[in-house]
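# A closer look at the structure
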Amino acid sequence: MPETPLRHALVSPPRRGLALLAAVLVLTTVVVASLLLDTRPPEPEPASAPAGEFSAARALDRLDDFGTRPRPLGSAESDRTRDHLAAELREAGLTVRIDRGLGSVGAPGTAGFGRVENVVGTLRGSDPTGAVVLAAHYDSVAAGPGASDDGAAVAAVLETLRALRTSGQPRNDVVVLLTDGEENGLLGASAFRRGDPLAERGGVVLNWEARGASGPSMLFETSRDNAGLVSVYADAAPHPFGDSSAVELYRLSSNNTDFTELRAAGFTGLNFAYVGSSARYHSPGDSIANLDHGSLQHHGATMLALTRAFGDRDLDALPTDDDVTYFRAFGAFVTYPNALVLPLAIASLLAFAGLLVAARRQRLLSLPRTLLGTLAALLPLGVAAALAQLLWALLVQVRPGYGAFMMGDTYQPGLFRLAVGALVVCVLAAWYGLLRRRLGQAALAVGALAWPTLLGLIIAVVAPGAAYLFTVPALASTLGALLALALRRRSSPAALAALLVAAVPATSFGVLLGLGMFDSVGMAGGGAAATAFALGGLGLLPLLDLAYPDAGAASRRRRAAAVPATAVVVAVALVGTGLAVDGFDARRPQPTHLAYVLDASTRTANWVSDDAEPPRWTRQYVTTHGGGAVEYDETPNPGRWVGPADDIGAEAPAVRVVATGDGELTLHVRSPRGAPRVTLAFDRPVERATARVPGRDTAAQDLGSGPDDAWPSRVILDDLPAAGATLRLRVGADAPREVRAFDQTVGLDDVPGFEPRPAGLARTALHTGDLVVVGRTYRL
């Protein structure tokens, strides 16, 4: 039975060009409007804003008091910040204490311990049903001042408290938890969870983070059974922004924040962060000058609104036994119970089956060709992802400094992201042009719909909060196609309009998901974004067919190649322009890694760089590639660059065996040069480590075996006092025979031969940058 060309069933040839132009204009307008409505933070409020409102300008004044210099755990700047924040909280009317403890954190093969000093303040409620906890961390990495991570959140807490007091005493207690040592592995939050009485009480925690310097404040994680929490957020937040698919992905990932520890302590709550401009993350560029004031405003306005909302609510009535799906679309915050997720996915499947039947009856497709179309739809998804990854590899080849960004992104990635979008258009257009006459236009269009339909059904079972990304576009596209088929004999324009409206969710969701992927994994993971773009593009196939002429003359075939060819030209132009505008300079420096390593056993010193392609300044220190034997941190790298250095005469950490026997090994560890971090790497697995530090509680942590065969177990001691610490290790029958001990200080200025970096270069965001490391191996 012959098949009817799809576009002949929808619109007559003389009107095809006009229909194509209208479709492009409508969809472009919709996507741009969606981006403007759903990806931008609100405008910052000035210092003259009403006293009861949050003002980014007033918060910036507070941030300027402590957010201009690095404040890593145990540093003098950290101590100054701690005292300043405690004084600010007291002035705001809170009862304040400094909670000094010993935090601990574990990972496969690793246990970490560190002294922490959390700042805890309490504002008593008038008739409390629980506590609302505002949580942020006041420490930063050593590489930068941490204006965004997490100074902005701390400043927002102070401004929130000021505004909160203008509306009288809240019903519930408001607790401010400013943790220490988050950057060292959630040490402050772990100490709070293990030893603070407030942790046993529980409550609703609102945690505030940043993984960049711009973008909207996003609700990216919740505790389980979040229906009540999200309902309050949706009603109270002035600009709610979040996505339940991020919650599902985050639950599956190994990433964590202080919220992880607080949730483990029994708190319910919400976790927020902004993630734009990730090239500034953990770098010297995480400064007040680079902080987006709108991001700070969004953080603070949401914080104030939720503190008031939860502060006046009966928290005992808040818990529910289910999650909700939520997302932002076209300026609206959409929520619905997860009980509807599976029925919607099933409805999408049934609608797809109905479309197959209807299209078959109208001789638009055959089932075998539709099956081939479904399988063929995998091709553009894979090719688009591969081209995006290839583009990043080419960018790094042309400009090696891009490879040094910790988050795999650049300062100005916008044009490169658009280039990925153009490549996706090229792939879809070329793929469709090659197969449309072989398999049939309807077979390709309907077959491609099978993937979001099936994925929506699968994800509805395993990760319900993310199913909407596939179910909503699939259901809209399928219903639109059914409506178009019903209308086509009466009104071709109406049928085309039905397809156009139905394509809106696929287009907008695909673009927003792709941009979200870019924010999450950067250009280095652009394949994920390209796949999202391509999935959205598959929903446009009935409209894409309008761009193709009928078969026949060679000139018409050449016109069929115009779309992919134009997309390639656009992609090349975007990449070239992106390279021209995204160069390195003093304001946007190229990151480069350098460290000094001294083996005190042999008195051999080396400069070390983890850069894949060190710039000229770094090359004056490192000359040989492949120095994997130079081991100086908990992540050995066989691809290191090394070069000879002078011996600075420093002593290695002192490790003394105190006791052995009964499956235990007790060591005393100290750093003669007063280094704040000491790492012990053992040549045999250690089952459990217990640390005892003078003046602090004892903490214990299970290890298990790690991925490094040479040194399967590691123990890290942060903010080690001059007197050192005692470690009691539980070991198996095959007890450790050797331990490699190395300590770390930050700053290379006193190392002979070191010269400050020139303008246009900056220290890397990696935590191993600009370290002086001294180590030796002990027999046990």
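Structure's up top.
Cut-off values and rules
Residues numbered from 1 in each chain as written. Predicted model: local features only at pLDDT ≥ 70, side-chain atom pairs only at ≥ 80, totals over all residues. Heavy atoms only, no water. Helix = DSSP H or I, 4+ residues; strand = E, 2+ residues; numbered from the N terminus. Rg over C-alpha atoms; globule rule 2.2 N^0.38 Å. Buried < 20%, exposed > 50% of the residue type's maximum accessible area, 1.4 Å probe, protein only. Contact = heavy atoms within 4.5 Å. Areas by Shrake-Rupley, 256 points an atom, 1.4 Å probe, with all protein chains shown as cover. Lys, Arg positive; Asp, Glu negative; His and termini not counted. Charge placed at Lys NZ, Arg CZ, Asp CG, Glu CD. 1 Å grid on protein atoms, 1.4 Å probe; cavity = no way out; pocket = protein on both sides within 12 Å on 5 of 7 lines; lining within 4 Å. Points joined across faces, edges and corners; volume = space filled by probe spheres on them. Nonpolar A, V, L, I, M, F, W, Y, C, P; charged D, E, K, R; others polar. Phe/Tyr/Trp six-rings, centres within 6.5 Å; stacked < 30°, edge-to-face > 60°. Core = buried A, V, L, I, M, F, W, Y, C linked by side-chain atoms within 4.5 Å. Salt bridge = Lys/Arg side-chain N within 4 Å of Asp/Glu carboxyl O. Pairing = 2+ DSSP bridges. Axes fitted to C-alpha atoms, helices over the stretch in contact; angles between N-to-C directions. Patch = residues over 30% accessible without salt bridge, like charges linked within 9 Å, V, L, I, M, F, W, Y side chains within 5 Å. Parallel < 35°, antiparallel > 145°, perpendicular 65-115°, else oblique. Left-handed = near helix turned anticlockwise from the far one by under 90°. Polar contact = N/O pair within 3.5 Å; in protein donor to acceptor, adjacent residues only side chain to side chain. Expected span 1.5 Å × (residues − 1). Arc of directions from axis to C-beta.

Turning our attention to the overall build of the chain. Each helix and strand in the chain was counted, giving 22 helices and 24 strands. Radius of gyration (C-alpha) of the chain: 29 Å, near the 28 Å computed for a compact globule of 780 residues. Looking at the chain as a whole, 58% of its 780 residues are labelled buried. Long-range pairs, those at least 24 residues apart, make up 79% of the contacts in the chain with a sequence separation of at least 6. If you sum the accessible surface of the chain, you get close to 30300 Å²; carbon and sulfur atoms cover 58% of it. On the chain, the mean spot of the 68 positive side-chain charges and the mean spot of the 75 negative ones are 11 Å from each other.

So, on to empty space enclosed by the protein. Here the structure, examined in full by the defined rule, presents 4 cavities of 30 Å³ or more. Ala445, Val446, Ala481, Leu499 and Pro542 are, among the 20 residues lining the largest cavity, the residues nearest its centre. Those elements that place two or more of their residues in the lining of the largest cavity are α11 (341-361), α15 (441-462), α16 (468-487), α17 (492-521) and α19 (541-544). Looking at the lining of the largest cavity residue by residue, the class counts come to 18 nonpolar, 2 polar and no charged.

Counted under the stated rule, the structure contains 21 aromatic pairs. An angle of 45 degrees between the planes, with centres 6.5 Å apart, marks the rings of Trp431 and Tyr432 as tilted. Here the two residues Trp431 and Tyr432 agree in accessibility, since each one is buried. Between the aromatic rings of Tyr596 and Trp607, the centroid separation amounts to 5.7 Å while the plane-to-plane angle is 75 degrees, which identifies the pairing as edge-to-face. Of this pair, Tyr596 sits in strand β11 (residues 595-599) while Trp607 sits in strand β12 (residues 604-609), placing them 11 residues apart in sequence. Across this residue pair, the class does not change: Tyr596 and Trp607 are buried. The rings of Trp392, Tyr402, Phe405, Tyr411, Phe416 and Phe584 are connected pair by pair, giving a single aromatic cluster.

Core analysis: the largest hydrophobic core is formed by 64 residues, its most contacted members being Leu89, Leu178, Leu206, Tyr233, Leu270, Leu296 and Phe310. Tallying contributions element by element places helix α4 (residues 147-165) first for this core, with 11 residues. When near neighbours in sequence (up to four residues on either side) are disregarded, Tyr233 contacts Leu219, His239, Pro240, Phe241, Leu270, Phe272, Thr302, Leu306 and Phe333. Counting 55 residues, the second largest nonpolar core, distinct from the first, contains Ala376, Tyr411, Tyr468 and Met523.

Right, let's talk about the pattern of salt bridges for a bit. Applying the stated criterion across every chain yields a total of 34 salt bridges. Two residues, Arg417 and Asp409, come together in a salt bridge whose shortest N-O distance is 2.9 Å. Just as Arg417 is buried, Asp409 falls in that class too. Across the pair Asp702 and Arg688 runs a salt bridge whose closest N-O atoms are separated by 2.7 Å. Of this pair, Asp702 sits in strand β19 (residues 699-702) while Arg688 is found in strand β18 (residues 686-692), placing the two residues 14 residues apart along the sequence. What you see here is one network of salt bridges that share partners, running through Asp79, Arg82, Asp83, Arg100, Glu117 and Arg696.

Let us look at unusual backbone geometry. The omega angle of the peptide bond from Asp149 to Asp150 is 10 degrees, so this bond is cis rather than trans. With respect to the helices and strands, Asp150 occurs in helix α4. Positioned with a positive phi, His282 is a non-glycine residue whose angle comes to about 55 degrees. By the element assignment, His282 lies in the loop between β7 (268-274) and α10 (293-311).

It is worth spelling out the sheet that holds strand β21 (residues 725-731) at this point. Strand order in the open sheet made by the 5 strands is β15-β16-β21-β18-β19, with antiparallel pairing throughout. Whereas interior strands pair on both sides, the edge strands pair on one side only; in this sheet they are β15 (654-661) and β19. Put simply, the sheet's adjacent strands are angled 20 degrees from each other on average, direction ignored. Alignment of β18 against β21, held across 6 bridges, turns out to be antiparallel. Bridge pairing in β21 links Ala691 to Leu727.

In this section: the pairing of strand β22 (residues 738-746). Across the 9 residues that make up β22, a large majority, 7, are buried. The pairing of strand β17 (residues 677-682) with β22 spans 6 bridges and is classified as antiparallel. Residue pairing across strands places Phe682 opposite Val739, the latter belonging to β22. Summarising the sheet, β22 and strand β24 (residues 771-779) pair through 9 bridges and their orientation is antiparallel. For Glu738, the partnering residue across the bridge sits in β24 and is Arg779.

Taken together, the side chains of Leu342, Ile346, Leu350, Ile458, Val461 and Val462 make up a nonpolar region of the molecular surface, amounting to roughly 590 Å² of accessible area. One can find Leu342 in helix α11.

Two elements in contact, helix α14 (residues 414-439) and helix α18 (residues 526-538), have axes whose closest approach is 9 Å; the angle formed by their N-to-C orientations is 45 degrees. The orientation of α14 relative to α18 falls into the category oblique. Considering how the two elements wind past one another, α14 and α18 form a crossing that is right-handed. Together, Arg417, Val420, Gly421, Val424, Leu428 and Trp431 of α14 and Ala530, Phe533, Ala534, Gly537 and Leu538 of α18 make up the contact between the two elements. Tallied by class, residues from the contact of α14 with α18 come to 8 nonpolar, 2 polar and 1 charged.

Now for helix α8 (residues 244-252). All of the buried residues along α8 are Ser244, Ser245, Ala246, Val247, Glu248 and Tyr250. On its buried side, α8 packs onto β6 (218-222), β8 (324-329) and α16.

Our focus in this paragraph is the side chain of His668. Within the secondary structure, His668 sits in strand β16 (residues 664-670). Within the structure, the side chain of His668 is placed 3.1 Å from the backbone oxygen of Ala723, a separation counted as a polar contact. Among all residues touching His668, those that are not within four sequence positions of it are Ala654, Val655, Arg656, Val658, Ala723, Gly724, Ala725 and Thr726.

Once that is clear, we can look at helix α21 (residues 562-581). For α21, built from 20 residues, the straight-helix expectation of 28 Å at 1.5 Å per residue is met to within 8% by its first-to-last C-alpha distance of 28 Å. Inspection of α21 places Pro564, Ala567, Ala571, Leu574, Val575, Gly578 and Leu579 among the buried residues, and these make up the whole buried set. One side of α21 holds all its buried residues, which, seen down the axis, span an arc of 130 degrees. In α21, those exposed residues whose orientation departs by more than 90 degrees from the buried face are Val569, Val572 and Ala580.

Contact pair helix α2 (residues 56-63) / α4: the axes reach a minimum separation of 8 Å and the direction vectors enclose 115 degrees. Crossing handedness for the pair α2 and α4: right-handed. Between α2 and α4, the residues in contact are Arg58, Ala59, Arg62 and Leu63 and Ala147, Gly151, Ala152, Ala155, Leu158, Glu159 and Arg162, respectively. Residues belonging to the contact of α2 with α4 are distributed by class as follows: 6 nonpolar, 1 polar and 4 charged.

All we've got here are geometric facts, nothing functional implied.
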